[in-house]
Amino acid sequence: MADGVLPPDSELLSEVAARARDSVGRPYLLGIAGPPAAGKSTLAQRLANDLSQGHGLVARHCPMDGFHLPNERLDALGLREAKGRIDTFDAPGLLAAMQRLSAKTAFWWPVYSRSRHDPVADGLRINGNEDVCIVEGNYLFCDAPVWRDIGDCFHFRMFVDAPDEVLRRRLLERHRSSGRNLDEAVAKIARIDLPNARKIRAGKHIAEVVIDDTGSH
């Protein structure tokens, strides 16, 4: 896999496009899960672009990160230091949004601001005319209350993974660019990110397609 993406003429991309056209009356929901920094967002955006430009479909990338609980709520729960763990996300809110996607209604899908370090409620406009909605995030396939229902919403599931040493390098760059110093970044990776990755990988088996990024590119 190069840069976490599929080539636009891939057999898989054509299959997804064909399935989406057969999904009459509702959008085709494709889920991409995997550990943090595995390449989910890059893949989701490339798929959305290729399905739109190469196959004439209305495709939308819907990141799960907008369903982080707000920092104010995390502080009230004493969970700020655990931010990124499965219990620091609004799973019922995500499930409700998935159901609204299926119902083809127009609404605002929240996105996460890496400058504000908080979700933005009116982030991404869902128009209700989408043919394909690509939802990507860490815990989409986890075997836990509410998350199981979220996983069941998808018509097709993909899992993106990378070795821990690759994740560690990418996460270090991400955390440093968001303002953490070296010690803070290393501590977060060890305490939160890599333990989360192990939990996330437990749901890999339900994916129809698994993509392993060796980080060699």
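Keep in mind that what you see is a predicted model, and the values were worked out from it rather than measured.

Novice: Before we go on, may I ask you to explain the side chain of Arg60 in this structure?
Specialist: On the secondary structure map, Arg60 appears in strand β2 (residues 59-63). Note on Arg60: relative accessible area 17%, which makes it buried. Within polar-contact distance, the side chain of Arg60 engages the backbone oxygen of Arg125 at 2.3 Å. Not counting residues within four places of it along the chain, the set of residues in contact with Arg60 comprises Ala48, Leu124, Arg125, Ile126, Asn127, Glu130, Val132, Cys133 and Ile134.

Novice: Please clarify how the state of the cysteines should be interpreted in this entry.
Specialist: By definition, a disulfide is the covalent link that joins the sulfur atoms of two cysteine residues. Under the definition given, this model contains zero disulfides. Cysteine Cys133 is unpaired, with the sulfur of Cys62 as its nearest cysteine sulfur at 4.7 Å. Residue Cys142 stays outside any disulfide, its sulfur separated by 15 Å from that of Cys153, the closest cysteine. Given a relative accessible area of 6%, Cys142 falls into the buried group.

Novice: Which parts of the structure should I look at to understand unusual backbone geometry?
Specialist: Only a minority of non-glycine residues have a phi that is not negative, and only a minority of peptide bonds are not trans. Despite not being glycine, Lys104 has its phi angle at roughly 60°, a positive value. Phi angles above zero are rare outside glycine, and Val146 is one such case at about 75°. In this fold, Val146 is placed in the loop between β5 (132-137) and α5 (147-152). Under the relative-accessibility criterion, Val146 is labelled partly exposed at 27%.

Novice: I keep staring at the side chain of His68 and nothing clicks. Help me out?
Specialist: Mapped onto the secondary structure, His68 falls in the loop between β2 and α3 (71-77). For His68, a relative accessible area of 10% translates into the label buried. Within polar-contact distance, the side chain of His68 engages the backbone oxygen of Asp65 at 2.8 Å. With near-sequence residues (within four places) excluded, His68 lies in contact with Lys83, Gly84, Thr88, Phe89, Tyr112 and Pro119.

Novice: What exactly am I supposed to notice about helix α4 (residues 91-102) here?
Specialist: Residues three or four positions apart in an α-helix share a direction because the helix packs 3.6 residues into each turn. With 12 residues, α4 should reach 16 Å at 1.5 Å per residue; the first-to-last C-alpha distance of 17 Å fits that figure. All of the buried residues along α4 are Ala91, Leu94, Leu95, Ala97, Met98 and Leu101. For α4, the buried positions fall inside an angular range of 160° around the axis, keeping them on one side. By the N-cap criterion, in which a side-chain oxygen at the helix start approaches the backbone nitrogen of a residue two or three places on, α4 is capped by Asp90, the distance to Gly93 being 2.9 Å. Immediately downstream of α4, the backbone of Lys104 shows phi near 60°, a positive value.

Novice: Looking at this structure, how should I read the pairing of strand β3 (residues 107-113)?
Specialist: Every regular strand shows the same layout, with side chains that alternate between the two sheet faces. The element β3 is largely enclosed, with a buried count of five among its seven residues. Pairing analysis gives six bridges linking β3 to strand β4 (residues 118-126), with the strands arranged antiparallel. When the sheet's bridge partners are listed, Trp109 is paired in β4 with Leu124.

Novice: Got a minute to help me understand the nonpolar core in this structure?
Specialist: If you look at the biggest cluster of nonpolar residues, it comprises 31 residues, and the most contacted ones within it are Leu94, Met98, Leu101, Trp109, Leu140 and Trp147. Of all the elements in the fold, those that place two or more residues in this core are β1 (28-33), α4, β3, β4, β5 and α5. Looking at this core, the element that brings in the most residues is α4, giving six residues. Setting aside residues up to four positions removed in sequence, Trp147 forms contacts with Met64, Ile86, Phe89, Ala91, Leu94, Tyr139, Leu140 and Cys142.

Novice: Just to check I follow, could you spell out the packing of helix α1 (residues 11-22) against helix α2 (residues 40-55) for this structure?
Specialist: In a packed pair of helices, the relevant descriptors are the angle between the two axes and the axis-to-axis distance. For the pair α1 and α2, interaxial distance at closest approach is 11 Å and the crossing angle is 70°. Taken as axis vectors, α1 and α2 run roughly perpendicular relative to one another. Between α1 and α2, the residues in contact are Leu13, Ser14, Val16, Ala17 and Arg21 and Leu47, Asp50, Leu51 and His55, respectively.

Parameters and conventions
Here the residue index of a chain counts from 1 through its sequence in written order. This being a predicted model, a pLDDT of at least 70 is required before a residue's local features are given, and a value of 80 or more before pairs of side-chain atoms are given or counted; all residues contribute to the totals for chains, interfaces and linings. For side-chain calculations, the full set of non-hydrogen atoms in the structure is used, while hydrogens and water are omitted. Secondary structure elements follow DSSP: runs of H or I of four or more residues count as helices, runs of E of two or more count as strands, with numbering from the N terminus. Burial classes follow relative accessibility: with a 1.4 Å probe on protein chains only, a residue under 20% of its type's maximum area counts as buried, one over 50% as exposed, and anything between as partly exposed. We define a polar contact as two N or O atoms separated by no more than 3.5 Å, with the added condition that, inside protein, one atom must be a possible hydrogen donor and the other a possible acceptor, whereas residues neighbouring each other in sequence contribute only through side-chain atom pairs. We call two residues in contact whenever any of their non-hydrogen atoms come within 4.5 Å of each other. Criterion for a disulfide: a pair of cysteine sulfur atoms within 2.5 Å. What a helix should span is 1.5 Å times the count of its residues minus one. Note that the arc is defined by the directions from the helix axis to the C-beta atoms. Each pair of strands is called paired provided DSSP finds at least two bridges between the two strands. Put simply, a nonpolar core is a bunch of buried Ala, Val, Leu, Ile, Met, Phe, Trp, Tyr and Cys residues held in one set by side-chain atoms that sit within 4.5 Å of each other. Angles shown run from 0 to 180 degrees and are taken between the N-to-C directions of axes, each axis being a line fitted to C-alpha atoms and, for helices, limited to the stretch in contact. Any angle between 65 and 115 degrees counts as roughly perpendicular, while under 35 counts as roughly parallel, over 145 as roughly antiparallel, and the rest as oblique.

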